[in-house]
Structure formats: C-alpha cells, structure tokens
Amino acid sequence: MIDVVHFSDPGCPWAYSAWPHLTALQWRYGDQLRWRLVMIGLAETPDRYVRDGYTPERGALGYRSFRSRGMPFATGPRSRVMATSRACRAVVAVGAQAPQLQLAAFRALQFGWFTTDRLMDTDEAIADALARVPGLDVGAVVAALDDEATVATYEEHRAQARAAAGSVTEAQGKSAATDGPVRYTAPSLLLTTADGRGLEAGGFQSLQVYDVCVMNLDRTLERRPRPDDVTELLRAFPHGLTTREVAQVLAADNDAPDDASAEDTLIRAAAAGRARREPLGHDALWHAA
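Parameters and conventions
- All chains use their own residue numbering, which begins from 1 and follows the written sequence.
- Local features in this predicted model are restricted to residues of pLDDT 70 or higher, and side-chain atom pairs are both shown and tallied only at a pLDDT of 80 or more, whereas totals for entire chains, interfaces and linings draw on every residue.
- Note that the side-chain values use all heavy atoms of the structure and ignore hydrogens as well as water.
- Counting from the N terminus, the helices are the DSSP runs of H or I reaching at least four residues and the strands are the DSSP runs of E reaching at least two.
- Here the globule rule is a power law, 2.2 Å times the number of residues to the power 0.38, and the radius of gyration is based on C-alpha atoms.
- Each residue is placed in one exposure class: buried if its accessible area under a 1.4 Å probe, protein chains only, is under 20% of its type's maximum, exposed if it is over 50%, and partly exposed if it falls in between.
- It only takes one pair of heavy atoms within 4.5 Å for two residues to be counted as in contact.
- Exposure was quantified through the Shrake-Rupley algorithm and a 1.4 Å probe, taking into account, for residues, occlusion by the shown protein chains and nothing else.
- Under this rule, positive means Lys or Arg and negative means Asp or Glu; His and the chain ends count for nothing.
- The atom standing in for a charge is NZ when the residue is Lys, CZ when it is Arg, CG when it is Asp and CD when it is Glu.
- Following DSSP output, two strands are said to pair if at least two bridges run between them.
- Fitted lines through C-alpha atoms give the axes, limited to the stretch in contact for helices. The angle between two N-to-C directions lies from 0 to 180 degrees.
- Residues belong to a common nonpolar core when they are buried Ala, Val, Leu, Ile, Met, Phe, Trp, Tyr or Cys residues joined through side-chain atoms within 4.5 Å.
- Roughly parallel refers to an angle under 35 degrees, roughly antiparallel to one over 145, roughly perpendicular to one between 65 and 115, and oblique to any angle outside these ranges.
- Should the near helix be turned anticlockwise from the far one by less than a right angle, the crossing is termed left-handed; should it be turned clockwise, right-handed.
- Classes in brief: Ala, Val, Leu, Ile, Met, Phe, Trp, Tyr, Cys and Pro nonpolar; Asp, Glu, Lys and Arg charged; the others, Gly included, polar.
- Here a salt bridge means any side-chain nitrogen of Lys or Arg lying within 4 Å of a carboxyl oxygen belonging to Asp or Glu.
- Here the aromatic set is Phe, Tyr and Trp, taking the six-membered ring for Trp, and pairing holds for ring centres within 6.5 Å; pairs whose planes are under 30 degrees apart are stacked, those over 60 apart are edge-to-face, and all others are tilted.

Student: Where do I start with the overall build of the protein chain in this structure?
Tutor: Counting its secondary structure elements, the protein chain contains 14 helices and nine strands. Taking 19 Å as the expected radius of gyration for a compact globule of 289 residues, we find that the protein chain reaches 18 Å, a close match to that expectation. Within the span of the protein chain, comprising 289 residues, buried residues form 52% of the whole. Nonlocal contacts in the protein chain, meaning residues at least 24 apart in sequence, comprise 68% of its contacts between residues at least 6 apart. About 12700 Å² of surface is accessible on the protein chain, with carbon and sulfur atoms providing 50% of the total. For the protein chain, the centre of its 31 positive side-chain charges and the centre of its 37 negative side-chain charges are spaced 3 Å apart.

Student: Could you clarify how one ought to interpret the sheet that holds strand β7 (residues 241-242) in this entry?
Tutor: In any sheet, the strands associate via hydrogen bonds between backbone groups, in a parallel or an antiparallel arrangement. The strand order across the open sheet formed by three strands is β7-β9-β8, and the pairing between neighbours is antiparallel. Looking at which strands have only one partner, the edges of the open sheet turn out to be β7 and β8 (275-280). Contacting β8 and β9 (283-288), helix α14 (residues 259-271) runs over the sheet at an angle of about 50° to β9.

Student: Hey, could you run me through the sheet that holds strand β6 (residues 198-201) in this one?
Tutor: Ordered by their spatial adjacency, four strands build an open sheet running β2-β1-β5-β6, and the pairing between neighbours is mixed. At either end of the open sheet lies a strand with only one pairing partner, and these are β2 (33-39) and β6. Ignoring which end each strand starts from, the neighbouring axes of this sheet average 15° apart. As paired elements, strand β1 (residues 2-8) and strand β5 (residues 188-193) share six bridges and run antiparallel to each other. Its bridge partner being in β5, Val5 is matched across the sheet by Leu190. Those strands touched by helix α11 (residues 207-217) are β1, β2, β5 and β6, and its axis lies near 180° from that of β6.

Student: Can you walk me through the nonpolar core in this structure?
Tutor: The tendency in soluble globular proteins is for nonpolar side chains to be buried as a group. Counting 75 residues, the largest nonpolar core has Leu130 and Leu136 as the members making the most contacts within it. If one sorts the elements of this core by residue count, helix α6 (residues 102-115) sits on top with eight residues. Residues Val5, Ala164, Val182 and Tyr184 belong to the second largest nonpolar core, which totals 17 residues.

Student: Got a minute to help me understand the packing of helix α5 (residues 85-97) against helix α7 (residues 123-130) in this structure?
Tutor: The angle between the axes and the distance between the axes are what describe a pair of packed helices. Relative orientation of the contacting elements α5 and α7 amounts to 40°, with a least axis distance of 10 Å. When the interaxial angle is binned, α5 and α7 end up oblique. Between α5 and α7 the crossing geometry is right-handed. Residues Arg86, Ala87 and Ala90 of α5 form the contact with α7, whose participating residues are Asp123, Ile126 and Leu130. For the contact of α5 with α7, a count of residues per class yields four nonpolar, no polar and two charged.

Student: Teacher, can you tell me more about the pattern of salt bridges here?
Tutor: In a structure, side chains of opposite charge can pair up when their charged atoms sit close to one another. A full pass over the atoms with the stated rule returns 20 salt bridges. Note that Arg86 and Asp146 form a salt bridge whose closest N and O atoms lie 2.8 Å from each other. Residue Arg86 is located in helix α5, and its partner Asp146 is located in the loop between α8 (138-143) and α9 (148-161); the two are separated by 60 residues in the primary sequence. Accessibility expressed as a relative area gives 51% for Asp146, which makes it exposed. Between Glu245 and Arg107 there is a salt bridge, with the nearest N and O atoms lying 2.9 Å from each other. Of this pair, Glu245 sits in helix α13 (residues 243-250) while Arg107 sits in helix α6, and the two are 138 residues apart along the sequence. For the pair Glu245 and Arg107, a shared accessibility class is recorded, and that class is buried.

Student: Teacher, can you tell me more about the packing of aromatic side chains here?
Tutor: The geometry of an aromatic ring pair is captured by two quantities: the separation of the ring centres and the angle between the planes. What the rule picks out here adds up to 11 aromatic pairs. Ring centres 6.1 Å apart and planes at 85° place the aromatic pair Tyr16 and Phe111 in the edge-to-face group. Taken as a pair, Tyr16 in helix α1 (residues 13-17) and Phe111 in helix α6 lie far apart in primary sequence, 95 residues in all. Overall, Tyr16 belongs to the buried group, its relative accessible area being 0%. Between the aromatic rings of Tyr63 and Phe114, the centroid separation amounts to 5.2 Å while the plane-to-plane angle is 75°, which identifies the pairing as edge-to-face. Of the two residues, Tyr63 is situated in helix α4 (residues 56-66) and Phe114 in helix α6; the sequence distance between them amounts to 51 residues.

Written out as structure tokens, the structure is:
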C-alpha cells in the first residue's frame, strides 16, 4: 500500500488536465494506492485574479489553449472572474459526509468549472454540479459550506498545501507563493510507504513520472495491464471517463494516447449498447451502459 496525498483545486486547469495521467495510474494500481485529496484553496475572493489582469475573456481563451492536453473544455466567457474557495469547501464537506463520493464530487465540480459558463463560486452552481453524483445529499453539502467544522478542515487543507518550503517540489520550480507561504501547485502528489519512505511529484507531471515514483517505492505492487475490453475500463470508473482518459489507459506504456482510435472504440461500444456517451464541453464523458 502506498499513500498518495493529492494536492488540488477545482478551479485549476492544470489539475483538471492531469486526469488522463491520474486515471491511468489508478487503473494500473487500483486499491494498492490509497488517495487523500487536499484542497489548495487558490483564491478566497476573485480580487487577486482581477489585480493580476484576469478577465472572463482571458479565461475562455486560456481554456481553449488547454484543449490540446486532452480534457473537455467549453469556451463561453463567464460574466465575471471566480474564486475557488467555496468549491474547495464543498469537496471538504463531501469528504466529511460521504468520503466514498468525494472523488466523484470533485470531478463534478471540475466539469462545472471547465465545461460550463456557470459561476462556480455560487451555491446554486455548486449544487447543480454536485447533482450529477448519485447518492450524494447535495442539500446537506451546501448547507455545510459555512459550518465551523467545514471551515476548520478547509483551513487545515490550506495549511498543508502551504508547507512546500524546502521541498523537492520547490527545488524543481513546481511550487508557488501567490499568497505568501510557498505552496504546492495543483496537481502535486506526495507518495509515502508504510515504513516512511516517500517521493514527490510536484505540479503537472507526465504519467511516466508517476509510474516511476510508484515502482521505485514498491516494486512488488501488482501492475494491471491495459484492458482487453473498453467496457471493462468504464465499469471500473462509474463516474465516467473522458475520451482522453480512455485513450491514455489504452495506450502502451510510453506511447502517446490515440484519441481517434479510442473514440472509435467507444463509438462502437455505444452502438452495441455497451457504453453511453454524455456530451461534455467540446468532447464527451463515457459511461458503461
């Protein structure tokens, strides 16, 4: 078992764009990796972004530039710049109420952030995004956003994320200090074994970096090969996978993901009634039928 601390934020396009790599890592090692989400809290209010010159137009143009990394993005400009703290607190609240749904909730908020023009720092938009998570009590989550316990846990997350001074992540130039302390950027992974050995993969990294870290920490882990059937892959991820995520898992170890081939395979599975396509941004989310 390797513990993985995953520093992230629903409003970071780099974190969102890393999902093909993280999904492939989860496929290969499954429950042998024990994940813990830690919310960075990139912005408590939109003020810092506005001071730095961010605008809705700049945000939409930036999202288009991220499309080449594979995840679905929409490019409709929003009415204003957003802060990320409230969505982070929603992830914290889900972790307290239904930890088994926290990852799906985190992804749902990211989909709301990057594939819609909703204002994702409002309770209404957060609730609508979370409604895509089956079994989640969305009302209870939204009601807990300002609870003392939620805020306290969120502040603990922020403090953990801002403890990167002197770390490998800082030495590699993958940290940031946008609000004072040196912090981990999204997505940063800290991997630790039961006997205390650890490795860091700070910021946006390739799948190969993650795979090398895991194997150097414990070469005895069982490494699952590529699936023979795409529906086997979709069944393993009930929250759904994007085309690039599927392509990344289907790719040979160091081959580039082939989106067109993966989409052809998914279309055939959907035509046969074995998969379901949900339009998302400029692409799709695929589910097992």
